[in-house]
Amino acid sequence: MDTNLKQKKILMKSSQNQKMKDAYTAFEKNLSTSMFVCILLVLVGEIIYFFALEKQIFLRKEMLAYILRYIVSPFIVNMICWCIWRLVLVKSKDDFARALTALLSMLFIGANILITHNVLTGLYAVLVVVPFIALVYENRRITRITFGATVLVYAISMVIIYFWSENLPNRFVLNAVAGASAISIAAVIVFHVERFTIRRKHLVDEGYQENLQLQKDARYDKLTGVMNYAGFLAMIECFLSIDVKDNVGDDYIKVVENTPIQANELPGDVYLSILDLDHFKLVNDEFGHDVGNIVLERMGKILQQYTGNNMQTARFGGEEFIIVFYRTDYDVAMRTLKEIHDTFGNYYFPEVKKKLSFSAGLAKFENGMTLKELFNKADQALYHSKNNGRNQITVA
């Protein structure tokens, strides 16, 4: 795999991670905003309820005690929890800390509402919501910690209600047991949902990796390790900004090869070289295709060593290869091509008991050329090399 593709995959993965992180950040901000609205709604509800009971509260001292106990104090506690949550959300870069702070803050706010309004029996199961929210993070550790905290906070809430309330709600024990049962049922559901979520994520990752492998197999030559012609055209389409419509179908190759390219769309000078292994047919005929494959594989490995930011390689078919030089000048392109030529030419193949060579043609892209015209230009230079003794490089 060439350096550019590795860099693109790294950048793609980094971009995906950043998008996921942004999605979680947006989720946490929306969640905190929703919780703030809930805190305000609870406050408004308490104020309305207070005015409804005002006629029943005769003593000013009792009125102030009620306001402090059921309106002011719970609101202050809720706002402290919410402000800590918001502060961590804004300041912390640790995703785990942000998630855990959000979930624990919701637990404390829920417990505070439950303790304050313990006569409302429906609130005894309100804490079960938080473990389900924890599933969003798809992190088993966060889910486990959140569920453990839910059990602990619920137990402490029941103890506080039992000893703090002046008048215990009707059927307090029954309501407490019902709330505990709801948490237990939630634990079973969360456990199975978590297993399914992790399994689904694993399958999605597997599918993504298989898709990447299929793309690589479709665009890379398995024997030599360099791109095949289809992969080369796809790279050229993006690299040279060739506008290919989605509906071209079987004419894709023709469209890419025959689209004129303007020089201002190119990243500097572009050179194309076509390489052809000399007397390769004789190698196949005399030593067999297995030995021929060894020769092709060696050529591919050499080309991969030179493939980088300013050079891309592909197998054109059979014993022919393509090299594209870009963001470079003639001297660099020619020097690199000669190095490849010498490296291959100096390699001794024990299978054939001799050294082999290749011929090459080098052509420079000219403004308004199509890819096919550039190929023809390099191909003519290649034929000149082959017709003049082989084992040489000809510049068009």
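See the structure shown above.
Scoring rules and cut-offs
- Residues numbered from 1 in each chain as written.
- Predicted model: local features only at pLDDT ≥ 70, side-chain atom pairs only at ≥ 80, totals over all residues.
- Heavy atoms only, no water.
- Phe/Tyr/Trp six-rings, centres within 6.5 Å; stacked < 30°, edge-to-face > 60°.
- Helix = DSSP H or I, 4+ residues; strand = E, 2+ residues; numbered from the N terminus.
- Lys NZ or Arg CZ within 6 Å of the ring centre and 35° of its normal.
- Contact = heavy atoms within 4.5 Å.
- Salt bridge = Lys/Arg side-chain N within 4 Å of Asp/Glu carboxyl O.
- Core = buried A, V, L, I, M, F, W, Y, C linked by side-chain atoms within 4.5 Å.
- Buried < 20%, exposed > 50% of the residue type's maximum accessible area, 1.4 Å probe, protein only.
- Arc of directions from axis to C-beta.
- Pairing = 2+ DSSP bridges.
- Axes fitted to C-alpha atoms, helices over the stretch in contact; angles between N-to-C directions.
- Patch = residues over 30% accessible without salt bridge, like charges linked within 9 Å, V, L, I, M, F, W, Y side chains within 5 Å.
- Areas by Shrake-Rupley, 256 points an atom, 1.4 Å probe, with all protein chains shown as cover.
- Left-handed = near helix turned anticlockwise from the far one by under 90°.
- Nonpolar A, V, L, I, M, F, W, Y, C, P; charged D, E, K, R; others polar.

### Some details on the packing of aromatic side chains
Logical step 1: Scanning the entire structure with this criterion turns up 14 aromatic pairs.
Logical step 2: Centre to centre, the rings of F36 and W82 are 4.8 Å apart; their planes meet at 40°, and the pair counts as tilted. You can see F36 sitting in helix α1 (residues 3–53) and its partner W82 sitting in helix α2 (residues 60–91), a full 46 residues away along the chain.
Logical step 3: Taken together, the aromatic side chains of Y229, F232, F316 and F375 make up a single cluster linked through ring pairs.
Logical step 4: Positioned above the aromatic ring of Y347, the side-chain terminus of R298 is 4.3 Å from the ring centre.

### Notes on the side chain of N284
Logical step 1: Relative to the assigned elements, N284 resides in helix α9 (residues 280–287).
Logical step 2: If we ignore the near neighbours within four places in the chain, the residues touching N284 are H289 and G292.

### A look at the pattern of salt bridges
Logical step 1: Here the structure, examined in full by the defined rule, presents 10 salt bridges.
Logical step 2: The partner of K281 in a salt bridge is D285, and the shortest N-O contact between them spans 2.9 Å. With K281 and D285 both in helix α9 and 4 residues apart, this pair spans about one turn of that helix.

### Points about the environment of L272
Logical step 1: Tracing the backbone through its elements, the reader meets L272 in strand β1 (residues 270–277).
Logical step 2: Sequence separation between L272 and K377 is 105 residues; the distance between their C-alpha atoms is 9.0 Å.
Logical step 3: Excluding its chain neighbours within four sequence positions, the residues that come into contact with L272 are F232, I322, I323, V324, G361, L362, A363, L374, F375 and A378.

### Considering the nonpolar core
Logical step 1: Ranked by internal contacts, the top residues of the largest apolar core, which has 36 residues, are L103, M106, Y154 and M158.
Logical step 2: Where this core is concerned, the elements lending two or more residues are α1, α2, α3 (95–116), α4 (129–134), α5 (140–164) and α6 (172–219).
Logical step 3: Considering every element that reaches this core, the biggest residue donor is α3, with 10 residues.
Logical step 4: Not counting residues up to four positions away in its chain, the partners in contact with M158 are L114, Y124, F172 and A176.
Logical step 5: If you look at the next biggest cluster of nonpolar residues, it comprises 28 residues, including I323, F349, V352 and A360.

### Side note on α9
Logical step 1: Residues F280, V283 and N284 constitute the buried set of α9. Taken around the axis of α9, the buried residues stretch over an arc of 95°, which confines them to a single face. In this structure, α9 carries K281, L282, D285 and E286 as exposed residues pointing more than 90 degrees from its buried face.
Logical step 2: Buried positions along α9 lie against β1 and α10 (289–306).
Logical step 3: Within two residues after α9, G288 carries a phi angle of roughly 100°, on the positive side.

### Some points on the sheet that holds strand β2 (residues 311–317)
Logical step 1: Taken in spatial order, the 5 strands of this open sheet run β2-β3-β1-β6-β7, and their pairing is mixed. Strands with a single pairing partner mark the edges of an open sheet, and in this sheet they are β2 and β7 (393–395). Ignoring which end each strand starts from, the neighbouring axes of this sheet average 20° apart.
Logical step 2: Note that β2 and strand β3 (residues 320–326) share 6 bridges and pair antiparallel. Each residue of the ladder has a partner; that of Q312, found in β3, is V324.

### Some words on a nonpolar patch on the surface
Logical step 1: A cluster of nonpolar side chains, namely L68, V72, I76, I80 and I84, defines an oily patch on the protein surface of about 430 Å² accessible area.
Logical step 2: With respect to the helices, strands and loops of the structure, I84 is situated in helix α2.

### Considering the packing of α10 against helix α11 (residues 330–345)
Logical step 1: Look at α10 against α11: their axes get within 10 Å of each other, and the N-to-C directions meet at 145°. Here the hand of the crossing between α10 and α11 comes out right-handed. Between α10 and α11, the residues in contact are V295, M299, I302, L303 and Y306 and T336, E339, I340, T343 and F344, respectively.
Logical step 2: Class assignment of the residues belonging to the contact of α10 with α11 gives a composition of 7 nonpolar, 2 polar and 1 charged.

### A closer look at the pairing of β3
Logical step 1: Burial analysis of β3 places 7 of its 7 residues in the buried class, the great majority of the element.
Logical step 2: Residues E320, I322, V324 and Y326 line one face of β3 and the alternating positions F321, I323 and F325 line the opposite face, and both faces are buried.
Logical step 3: Strand direction decides the pairing type here: β1 and β3, joined by 7 bridges, are antiparallel. Bridging from a neighbouring strand, V270 pairs with Y326 of β3.
Logical step 4: Counting the residues in the hairpin turn of β2 and β3 gives 2 residues, including G318, whose phi is positive at 60°.

### Re unusual backbone geometry
Logical step 1: With a phi angle near 55°, H279 is a residue other than glycine that sits in the positive phi range.
Logical step 2: Examined against the element boundaries, H279 turns out to sit in the loop between β1 and α9.
Logical step 3: Phi angles above zero are rare outside glycine, and K353 is one such case at about 60°.
Logical step 4: Looking at where K353 falls in the secondary structure, it is placed in the loop between β4 (348–349) and β5 (354–355).
Logical step 5: Residue K353 is classed as exposed on the basis of its relative accessible area of 67%.

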